[in-house]
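Read off the chains here:
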Amino acid sequence: MRYLIPHPDAVDELDDLDVALYDGSRPVPGNLDDVEFYAVPYGVIDPRLCEPIARMPRLKVVQTVTAGYDHVLPYLRPGLTLANGRGVHDAATAELAVALTLAARRRLPDFVRAGSEGRWSSGWSTGLADSRVLIVGYGSIGAAIERRLAGFEVEITRVARSARPGVRPVADLPELLPRADVVILVTPLTPETEGLVDKDFLARMPDGALLVNVARGRVVDTGALLAELGAGRLHAALDVTDPEPLPADHPLWSAPNVLISPHVGGLTAALAPRARRLLVDQVRRYAAGEPLANVVVGP
């Protein structure tokens, strides 16, 4: 087999090529000597899904179905190409980012808790209209978030690693943060973004502001965030945490003003068809000797 991929429908669609299925639910195929294209199975980030890379002497391409790829980098060797799943999770992750933002700004967790106790607990909330939203990490998911916020009457500022028309650079964050009512994190995890949201970052956010993280847990300094939450100054809505999974006795669970979802940003019915299209397209490109899409590490 030359191609080892985790999507059965994609395997069926590529039946004219030497393709095999490996989705992580069964043992790795025994003979990996001829594999040139390996798509890492999607799921909870598990190093066992990357370990077969070392047993593929002819491997040329590693493909992820995730937008993040930091979990694969330790397993790459010189000469390999790494492509990510850009576009696969845009819709689902953007939906969750907006859902978390709305839920936190409209106090839905408070109402759910009161309802489970049989209490009619009405009250005011900050809402989303007229808010200033800062999207930190303006790639395809950031753009998808902006499209979904378009009808909510918010002012959006875009931030990315480097400046470009309509997008401010990360270096401008100290100037931008004091005006932000909502900060949505959607950056990849890199050496530059690990711990980006530290004590100083959070201190620049105004009282009552909301931090939404649909990126990676390690982008945020958990201790610094806990201090701000404990003081009642900031709010947070987190789909990712550090550590992850979050232990049952972790103080984030009981911190005030925090809403936590268990890293479900991409987990909707939209995943499977988008993953299939990406895998089929990438394998066809490779088989035809054409440039691959979404290359994040080149030989």
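Structure's up top.
Here the residue index of a chain counts from 1 through its sequence in written order. Whole-chain, interface and lining totals are the exception, using all residues; otherwise, since this is a predicted model, local features are given only for residues with pLDDT of at least 70 and side-chain atom pairs are given and counted only at 80 or more. Neither water nor hydrogens contribute to the side-chain values; these are computed over all heavy atoms in the structure.

### Topic: the sheet that holds strand E5 (residues 81-83)
- DSSP calls a pair of strands paired once it identifies at least 2 bridges connecting them. The numbering of helices and of strands both runs from the N terminus, where a helix is a DSSP run of H or I of at least 4 residues and a strand a run of E of at least 2. Strand order across the open sheet formed by six strands is E2-E1-E3-E4-E5-E13, with mixed pairing between neighbours. Of all strands in the sheet, those with a lone pairing partner are strand E2 (19-21) and strand E13 (295-297), marking the two edges. Strand-to-strand twist of the sheet, defined as the mean angle between neighbouring strand axes without regard to direction, takes the value 25°.
- The pairing of strand E3 (residues 37-39) with strand E4 (residues 61-63) spans three bridges and is parallel. Within the sheet, the bridge partner assigned to Phe37 lies in E4 and is Val61. Angles run from 0 to 180 degrees between N-to-C directions of axes, and those axes are lines fitted to C-alpha atoms, restricted for helices to the stretch in contact.

### Looking at helix H4 (residues 140-149)
- The cut-offs for exposure are 20% and 50% of the maximum accessible area for each residue type, with area from a 1.4 Å probe on protein chains only; residues under the lower value are buried, those over the upper are exposed, and the others partly exposed. The buried fraction of H4 amounts to eight of the 10 residues, a majority that puts the element mostly inside the structure.
- If you check which residues of H4 are buried, you get Ser140, Ile141, Gly142, Ala143, Ala144, Ile145, Glu146 and Leu149.
- Check the buried side of H4 and you find it contacts helix H2 (90-105), strand E6 (132-136), strand E7 (155-160) and strand E9 (182-185). Residue contacts are defined here by distance: any two heavy atoms, one from each residue, within 4.5 Å place the two residues in contact.

### Here we look at the side chain of Glu36
- Tracing the sequence through the fold places Glu36 in the loop between E2 and E3.
- Glu36 sits in the buried class, given a relative accessible area of 17%.
- Engagement of the side chain of Glu36 in a polar contact is seen with the side chain of Tyr286, the distance being 2.6 Å. Identification of polar contacts relies on pairs of N or O atoms within 3.5 Å, with a donor-acceptor requirement for protein atoms, meaning one able to donate a hydrogen and the other able to accept it, and with residues adjacent in sequence counted only if both atoms are side-chain atoms.

### Some details on unusual backbone geometry
- In this chain, Asp242 is followed by Pro243 through a cis amide linkage whose omega measures 10°.
- With respect to the element layout, Pro243 can be found in the loop between strand E11 (235-238) and strand E12 (258-260).
- Between Glu244 and Pro245 the backbone carries a cis peptide bond, its omega angle lying at -5°.
- With respect to the secondary-structure elements, Pro245 resides in the loop between E11 and E12.
- Despite not being glycine, Arg107 has its phi angle at roughly 60°, a positive value.

### A few points about the pairing of E9
- Across the two faces of E9 the burial is the same, with Val182 and Ile184 and Val183 and Leu185 all buried.
- For E6 and E9, the ladder comprises four bridges, and the chain directions are parallel. Each bridged residue has a counterpart across the sheet, and for Val133 the counterpart in E9 is Val182.
- When E9 meets strand E10 (residues 210-213), the two strands line up parallel, connected through four bridges. Along E10, the bridge assignment pairs Val182 with Leu210.
- A crossover counts as right-handed when, viewed with the strands pointing away from the observer, the path leading from the first strand over the helix to the second turns clockwise. Once you follow E9 into helix H6 (residues 199-204) and on to E10, the crossover reads as right-handed.

### As for the nonpolar core
- Among buried residues, those of type Ala, Val, Leu, Ile, Met, Phe, Trp, Tyr and Cys that are joined through side-chain atoms within 4.5 Å constitute a nonpolar core. The biggest cluster of nonpolar side chains holds 30 residues, and the ones touching the most others in it are Leu134, Val183, Leu185, Phe201, Leu202, Met205 and Leu211.
- Looking at this core, the elements with two or more residues in it are E6, helix H5 (173-176), E9, H6, helix H7 (222-230) and E11.
- In terms of residues, this core owes the most to one element, H7, which gives three residues.
- Grouped together as the second largest cluster of nonpolar side chains are 27 residues, Ala103, Tyr138, Ala237 and Leu259 included.

### Some words on the packing of aromatic side chains
- Here a Phe, Tyr or Trp ring, Trp counted by its six-membered ring, pairs with any other such ring whose centre lies within 6.5 Å, and the pair is stacked when the planes are under 30 degrees apart, edge-to-face when over 60, and tilted otherwise. Counted according to the given criterion, the structure contains three aromatic pairs.
- Residues Tyr3 and Tyr286 carry aromatic rings whose centres are separated by 6.0 Å and whose planes lie at 85° to one another, so their mutual orientation is edge-to-face. Here the residue Tyr3 occupies a position in strand E1 (residues 3-5), and Tyr286 occupies one in helix H8 (residues 271-287), the gap between them amounting to 283 residues. As far as the burial class goes, Tyr3 and Tyr286 line up, both buried.
- Taking the centre distance of 6.1 Å and the plane angle of 55° together, the rings of Phe37 and Tyr286 count as tilted. Placement of Phe37 in strand E3 and of Tyr286 in helix H8 is noted, with a sequence separation of 249 residues between them.
- On the basis of relative accessibility, which here comes to 0%, the residue Phe37 falls in the buried class.
- Tyr286 gets classed as buried once you look at its relative accessible area, which sits at 18%.
- Pairwise contacts between aromatic rings join Tyr3, Phe37 and Tyr286 into one cluster.

### Some points on the sheet that holds E12
- Spatially, the seven strands line up as an open sheet ordered E8-E7-E6-E9-E10-E11-E12, and their pairing is parallel. For this open sheet the edge positions go to strand E8 (168-169) and E12, each flanked by a neighbour on one side alone.
- The sheet contact formed by E11 and E12 spans three bridges and is parallel. Residue pairing across strands places Ala237 opposite Leu259, the latter belonging to E12.
- Against the sheet, H2 engages E9, E10, E11 and E12, with an angle of about 155° to E10.
- Of the strands in this sheet, E6, E7 and E9 touch H4, which is tilted by about 160° from E6.

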